[in-house]
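Now for the letters of each chain:
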Amino acid sequence: MSAGRTLPEPNRGRLSDGREILLFDVGAPPPLGVDRRDLPPRPAAPQTVIRRDPVTGDEVVISPARQDRTHLPPRRECPLCPDPDGLTGEIPAADYRVAVFENRFPSLAGSSDPGSAVPAPADDLRAERPGVGRCEVVCFTSDHDGSFGSLPPRQARLAIDVLAHRTEELLALDEVTEVHCFENRGEEVGVTLAHPHGQIYAYPFITPRTESMMREAARHRARTGDDLFDSILAHEVDDGERILVRTALTTAFVPYAARWPVEAHVYPNRGVRRLAELTDDEADDLAAVYQSILRACDALYDRPLPYVASWHQYRIGAAEGRLHAEVFSIQRSAEKLKYLAGSESARDAFITDKTPEDIAAGLRAALDPGVHHG
Ligand SMILES: [Zn+2]
């Protein structure tokens, strides 16, 4: 990897059940207290399995233990707020800037035991293996009522650097082939904790969407000799109609074939595979443009928009791929949600009633005054 900048080094500790916790700061990270909770030790072996769908070839993670996880606790019991006493929360510290810890109810956990080879599948149709990998929670701020879009710029940049740090460290694990940093925001998209946080899934397989993107990028390169994402960016700039923000270093736009009622993609102008490859200036600018898109989302209907924000990054040595963020929402008007109905959920065939150009016009009008439209 060509490291574009220095990433922050965390203060590392363990929670009472053995899970790792990391505190990050712009300067020296704050001290960690002691987790005094009496938690059952976490299981040594993965508790989930991955089965391959023989019809589509897609992997499915089967994770029954997640049924029991915490669901929207009252604010005073928020497990993501700093807990100086180490008695109730997940973060035993007087305060923190950005905190990361291993998920207590992980869909993927642990590594393959090198001594015990995964048994060969009974046959091609029944391929099952342990759900190895890692799931982490990232608290973007200690402020319970904050949001990523409204973080001070330095804090947003730190959060981005933390995602970069985690991506590099997790991709270095033998069992991990893809790292997905994302934020689910709003009860409408299944969020069970109101505190501003994201998640990191380190998968032991390439996800279906990444597979499709890599396939299309390889096809485009074979046909034209060009990088798919460079071509997309050049066409978007040329068209102009769907551009939301364009700076010297970053471009945000509504994709040509947007599938969601609100959708925006944020690309660094220079093609890199991962967050860690950005220079300081690029990382600052990407964080700022990303935040302006999140604020526009909230301004759109004058209420916090439920959204999913997903960072696409590619493993070391990947032949194709470009770092970018995709932000989308199922909110199709101030009152109405788009539910995935038959065509979408049964066929992956999206039908949308808003043109991408109209989505772009709406988001542009909702941007902070003075944001550059390119
Ligand atoms: Zn909280």
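Residues numbered from 1 in each chain as written. Predicted model: local features only at pLDDT ≥ 70, side-chain atom pairs only at ≥ 80, totals over all residues. Heavy atoms only, no water.

Test applied: UniProt positions are given in the numbering used here, feature names are shortened, and annotations may be inferred rather than shown by experiment.
Per an unreviewed UniProt entry, the chain is named Galactose-1-phosphate uridylyltransferase, and its organism is Gordonia neofelifaecis NRRL B-59395. For the record of the chain, the UniProt heading Sequence similarities (unreviewed entry) holds the text "Belongs to the galactose-1-phosphate uridylyltransferase type 1 family." Within the UniProt record for the chain, the comment given under Catalytic activity (unreviewed entry) is "alpha-D-galactose 1-phosphate + UDP-alpha-D-glucose = alpha-D-glucose 1-phosphate + UDP-alpha-D-galactose".

1. Focus: the pairing of strand E5 (residues 98-102)
Short version of the rule: Relative accessibility decides the category of a residue: with a 1.4 Å probe and only protein chains considered, values under 20% of the type maximum give buried, values over 50% give exposed, and everything between is partly exposed. Numbering goes from the N terminus for both helices and strands, where a helix is a DSSP run of H or I of at least four residues and a strand is a run of E of at least two.
With five of its five residues buried, E5 lies for the most part within the structure. Both faces of E5 are covered, namely the face carrying Val98, Val100 and Glu102 and the face carrying Ala99 and Phe101.

2. Notes on the sheet that holds strand E7 (residues 134-139)
We count it as follows: Any two strands with at least two DSSP bridges between them are considered paired. Note on definitions: angles span 0 to 180 degrees between N-to-C directions of axes, and those axes are lines fitted to C-alpha atoms, for helices only across the stretch in contact. By definition, residues are in contact when any of their heavy atoms lie within 4.5 Å.
Taken in spatial order, the eleven strands of this open sheet run E1-E2-E5-E7-E9-E8-E13-E14-E12-E11-E10, and their pairing is antiparallel. The open sheet has two free edges, formed respectively by strand E1 (11-14) and strand E10 (243-246), since each of these has just one partner strand. The sheet shows a mean angle of 20° between the axes of neighbouring strands, taken without regard to direction. With five bridges joining them, strand E13 (residues 307-312) and strand E14 (residues 324-329) adopt antiparallel strand pairing. Bridging across to E14, Val308 finds its partner in Phe328. Docked against the sheet, helix H4 (residues 280-300) engages strand E8 (178-185), E10, strand E11 (250-253), strand E12 (262-268), E13 and E14, running at close to 170° with respect to E12. Running at roughly 75° to E12, helix H6 (residues 356-366) makes contact with E10 and E12 of the sheet.

3. Focus: helix H2 (residues 208-224)
The condition is simple: Expected span, for any helix, means 1.5 Å times one less than how many residues it has. Relevant arc is that of directions from the helix axis to the C-beta atoms, nothing else.
For H2, which comprises 17 residues, the first-to-last C-alpha distance of 24 Å matches the rise-based estimate of 24 Å (1.5 Å per residue) to within 8%. For H2, every residue scored as buried is listed here: Thr210, Met213, Met214, Ala217 and His220. The buried residues of H2 occupy an angular sector of 125° when projected down its axis, which confines them to one face. Opposite its buried face, H2 presents the exposed residues Ala222 and Arg223, each directed more than 90 degrees away. Residues of H2 that are buried make contact with E8, helix H3 (228-239), E13 and E14.

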